[in-house]
Amino acid sequence: MRYQSTRGNSPQQSFLEILLGGLAPDGGLYLPSHYPQISKAQLDSWRGLSYADLAYEILSLYCDDIPDTDLRALLRKTYTAQVYCNGRAADSAQDITPIHWLGEEQGTRIGLLSLSNGPTLAFKDMAMQLLGNLFEYALKRAGQQLNILGATSGDTGSAAEYAMRGKEGVTVFMLSPRGKMSAFQSAQMYSLQDPNIFNLAVGGVFDDCQDIVKAVSNDLPFKAKNQIGTVNSINWGRVVAQVIYYFQGYLLATKSSNEKVSFTVPSGNFGNVCAGHIARMMGLPIEHLVVATNENDVLDEFYKTGVYRARKSAETLHTSSPSMDISKASNFERFIFDLMSQDGQATAKLFQQVESQGGFDLSKDSVYKTMAKYGFRSGRSTHENRIATIQDIDQRYGVVIDTHTADGVKVAREHLQAGIPMLVLETALPIKFEETILEALGRPADCPKGLEGIKSLPQRVVNIDADVSQVKSFITDHVN
Ligand SMILES: Cc1ncc(COP(=O)(O)O)c(C=O)c1O
Ligand SMILES: N[C@@H](CCOP(=O)(O)O)C(=O)O
């Protein structure tokens, strides 16, 4: 499989090349040259596979420069009960990411696809643990080192750091928005004392951190000299690993591939729902992909109006679903590339317009009329909605959900269709946002064993301005 840039001006590369490279040299994001098509018969033949073996069926279509036996071994090493089920036996896919059915509403079943039982209690672990193993494998093969520069609004950071701990040849520089994450999220990252992990708390919002990652990656001589890579969902490796659980969720929710399922995805950087879009482009029978935003509703606005209006940092609100406090969604560029019939020049022009004019308007463009075929729907949720949904799901079903998942459930309920099961992606566990859970339920969220004292551990973090040159100097001073 060859990979092309969404901006149409980079040479095509193989999976392992783009895995280590991250952002394309022309500033675009990589996508495969075509989406492999899965027939209904093939899909049915995957029923009952373990999560690792299902992952193999999907990833072998995309990672054809990794020998089959190595890929299967990497996947079996990654998707284990020990990592994802707190040691419970995991004999089937169901055990790694089970569906927690809530009940029947408006003539259909609504359930949570549980993705947050990995080491850092958020869906990021599903792809990040694999990325850690893939990096180790690729670096060993190439005899290289990698200095990862990442940006987080709270969950990517800890998932990446846990996945890269102790990985030979890998150093992590993680930018986080100072004071904008929950106390638990900050503690998960800042309490790590590993010598290959550096946490930099940036005076700004997530978008400032992500802009710095892109600016550093776009300085090609600096990137090459310092072997800069990325773990954010701008890296195709993250997105493709997230495609797997859409297949798995579909297979667990259906008995035959003639059935359809809808997914609702709490969204910020559009990485998670972009993986759903790719699964759908491969032929997975998804009826709707519902994009759920919080008060930072750029994506909801686009799907409702055709106008993409990225907000400035000062307009980005600090909310109680802080991991989605994002106003410039990176992966949205991947969807727009498909919407523009994979025209790299047209996509580049639109995203240059985002930088120069703050957005673009496709409402009168002929491509807007083709939107329906991609199956997107959207909605937004506020603090009030979040609190009400957490209370309602607790009272009605006896289940405590986190604030992001609550945004998902609130929006999913606006898009239920009789006879089509709705799966809401559960993107984090409630303990990560315990202040809001306490506000909603008047009682604390459950804390998994071993993490009770995390907030009182000593923290190691460096404050830094939202300034590209300061970040570059820090990297040059600390790379091996
Ligand atoms: C808990 C949680 N929910 C939802 C999201 C949004 O996902 P995405 O950025 O892939 O749209 C994130 C961050 O990515 C998150 O950490
Ligand atoms: N919500 C994320 C930020 C987006 O990260 P990505 O790696 O998925 O692009 C976070 O919690 O850090």
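Residues numbered from 1 in each chain as written. Chains lettered and ligands numbered in written order. Predicted model: local features only at pLDDT ≥ 70, side-chain atom pairs only at ≥ 80, totals over all residues. Heavy atoms only, no water.

Draft legend 1. Inspection of the overall build of the protein at higher detail. Per the secondary structure count, the protein includes 20 helices and 15 strands. Compactness check: the protein gives a C-alpha radius of gyration of 21 Å against a globular reference of 23 Å for 480 residues, within 12% of the reference. In the protein, buried positions account for 63% of the 480 residues. Partitioning the intrachain contacts of the protein with sequence separation of at least 6 by distance along the chain shows that 76% fall at a separation of at least 24. Accessible surface, the protein as shown: approximately 17200 Å² in total, 48% of it carbon and sulfur. (Helix = DSSP H or I, 4+ residues; strand = E, 2+ residues; numbered from the N terminus. Rg over C-alpha atoms; globule rule 2.2 N^0.38 Å. Buried < 20%, exposed > 50% of the residue type's maximum accessible area, 1.4 Å probe, protein only. Contact = heavy atoms within 4.5 Å. Areas by Shrake-Rupley, 256 points an atom, 1.4 Å probe, with all protein chains shown as cover.)

Draft legend 2. Representation of the sheet that holds strand β10 (residues 286-293). The 6 strands are arranged β3-β4-β14-β9-β10-β13 in an open sheet whose pairing can be described as mixed. The open sheet has two edge strands, β3 (99-105) and β13 (376-380), and neither has a second partner. Each strand axis lies, on average, 25 degrees off the axis of its neighbour in the sheet, ignoring direction. Here helix α12 (residues 236-253) sits on the sheet and contacts β3, β4 (108-114), β9 (261-266), β10 and β14 (422-426); the angle it forms with β9, its principal contact strand, is near 135 degrees. Sitting on the sheet, helix α13 (residues 271-281) touches β9, β10, β13 and β14, and the angle it makes with β10 is about 170 degrees. (Pairing = 2+ DSSP bridges. Axes fitted to C-alpha atoms, helices over the stretch in contact; angles between N-to-C directions.)

Draft legend 3. Highlighting the layout of surface pockets. Within this model, the largest pocket holds a volume of roughly 540 Å³. For the lining of the largest pocket, the elements supplying multiple residues, two or more each, are α5 (81-84) and α19 (434-441). Looking at the lining of the largest pocket residue by residue, the class counts come to 16 nonpolar, 4 polar and 5 charged. For the lining of the second largest pocket, the secondary structure elements donating two or more residues are α10 (206-218) and α16 (344-357). Sort the elements by how many residues they give to the lining of the second largest pocket and α10 lands first, with 4 residues. For the lining of the second largest pocket, the class distribution of residues is 5 nonpolar, 4 polar and 7 charged. (1 Å grid on protein atoms, 1.4 Å probe; cavity = no way out; pocket = protein on both sides within 12 Å on 5 of 7 lines; lining within 4 Å. Points joined across faces, edges and corners; volume = space filled by probe spheres on them. Nonpolar A, V, L, I, M, F, W, Y, C, P; charged D, E, K, R; others polar.)

Draft legend 4. Representation of the site of ligand 1 within the structure. Lining the immediate surroundings of ligand 1 are 15 residues, of which K124, D155, G268, N269 and N272 lie closest. The contact in question runs from a nitrogen atom of ligand 1 to an N or O atom on the side chain of T427, over 2.8 Å. Burial of ligand 1 by the protein chains amounts to 98% of its free accessible area of 380 Å². The cavity that encloses ligand 1 is the largest cavity. Along the lines of polarity and charge, the residues of the shell around ligand 1 split into 5 nonpolar, 8 polar and 2 charged. (Near = heavy atom within 4 Å. Polar contact = N/O pair within 3.5 Å; in protein donor to acceptor, adjacent residues only side chain to side chain. Sits in = over half its atoms within 2 Å of the grid points.)

Draft legend 5. Representation of the sheet that holds strand β15 (residues 462-465) within the structure. Spatially, the 5 strands line up as an open sheet ordered β8-β5-β6-β7-β15, and their pairing is parallel. Looking along the sheet, the strands with just one partner apiece sit at the ends: β8 (228-229) and β15. Taken strand by strand, α10 contacts β5 (146-151), β6 (170-177), β7 (197-203) and β8, and its axis lies near 150 degrees from that of β5.

Draft legend 6. Summary view of the UniProt feature "domain: Tryptophan synthase beta chain-like PALP" (unreviewed entry) in the protein. Mapped onto this numbering, the UniProt entry gives "domain: Tryptophan synthase beta chain-like PALP" (unreviewed entry) at residues 98-341. End-to-end, the C-alpha atoms of residues 98-341 are 35 Å apart, and along that stretch the chain is 41% helix and 22% strand. (UniProt positions renumbered as here; feature names shortened; annotations may be inferred.)

Draft legend 7. Structural view of the site of ligand 2. Taken together, 13 residues sit near ligand 2, with K124, T152, D155, S233 and N269 positioned nearest. Between a nitrogen atom of ligand 2 and a main-chain N or O atom of S323, the distance comes to 2.9 Å. When the free accessible area of ligand 2 is taken as 340 Å², the share hidden by the protein chains comes to 96%. When atoms are counted within 2 Å of each cavity's grid points, the one that captures over half of ligand 2 is the largest cavity. Of the residues assigned to the shell around ligand 2, the class counts are 2 nonpolar, 8 polar and 3 charged.

Draft legend 8. Expanded view of the side chain of T403. Secondary-structure assignment places T403 in helix α18 (residues 403-412). Among the polar contacts listed, one links the side chain of T403 to the backbone oxygen of S320, at a separation of 2.9 Å. Residues in contact with T403, not counting those within four places in the same chain, are S320, S321, R386, I390, F433 and T436.

Draft legend 9. Representation of the UniProt feature "domain: Threonine synthase N-terminal" (unreviewed entry) in the protein in the model. According to UniProt, the feature "domain: Threonine synthase N-terminal" (unreviewed entry) maps to residues 2-79 in the numbering used here. Within residues 2-79, the helical portion is 42% and the strand portion 8%, while the C-alpha atoms at the span's ends are 26 Å from each other.

Draft legend 10. Seen up close, the side chain of E434. Its location among the elements puts E434 in helix α19. In this structure E434 comes out as buried when scored by relative accessible area, which is 18%. Setting aside residues no more than four positions away along its own chain, E434 makes contact with F184 and K455.

Draft legend 11. Region of the structure containing empty space enclosed by the protein. Applying the stated criterion to the full structure yields 2 cavities of 30 Å³ or more. Taken together, 25 residues form the lining of the largest cavity, with F123, K124, N269, S323 and I326 sitting closest to its centre. A breakdown of the residues in the lining of the largest cavity according to their chemical character gives 8 nonpolar, 14 polar and 3 charged. Of the volumes computed, that of the second largest cavity is approximately 70 Å³. Lining the second largest cavity we find S153, P177, K180, V205, F206, T316, L317, H318, P322 and D325. Grouping the constituent residues of the lining of the second largest cavity by class yields 5 nonpolar, 3 polar and 2 charged.

Draft legend 12. Seen up close, the environment of G166. Here G166 is to be found in the loop between α8 (156-164) and β6. Taking relative accessible area as the criterion, G166 reaches 68% and is therefore assigned exposed. Between the C-alpha atoms of G166 and F433, which are 267 residues apart in sequence, the distance is 28 Å.

Draft legend 13. The arrangement of the pairing of β5 in detail. Within β5, 6 of the 6 residues are buried, which leaves the element mostly enclosed by the surrounding structure. Burial along β5 is two-sided: L146, I148 and G150 and N147, L149 and A151, pointing in opposite directions, are all buried. Inspection of the sheet shows β5 paired to β6 by 6 bridges, in the parallel sense. Residue L149 lies in a different strand from β6, and its bridge partner there is F173. Handedness of the crossover is the feature at issue here: the chain leaves β5, passes through α8, returns alongside β6, and the resulting connection is right-handed. Strand direction decides the pairing type here: β5 and β8, joined by 2 bridges, are parallel. (Right-handed = clockwise from strand over helix to strand, strands pointing away.)

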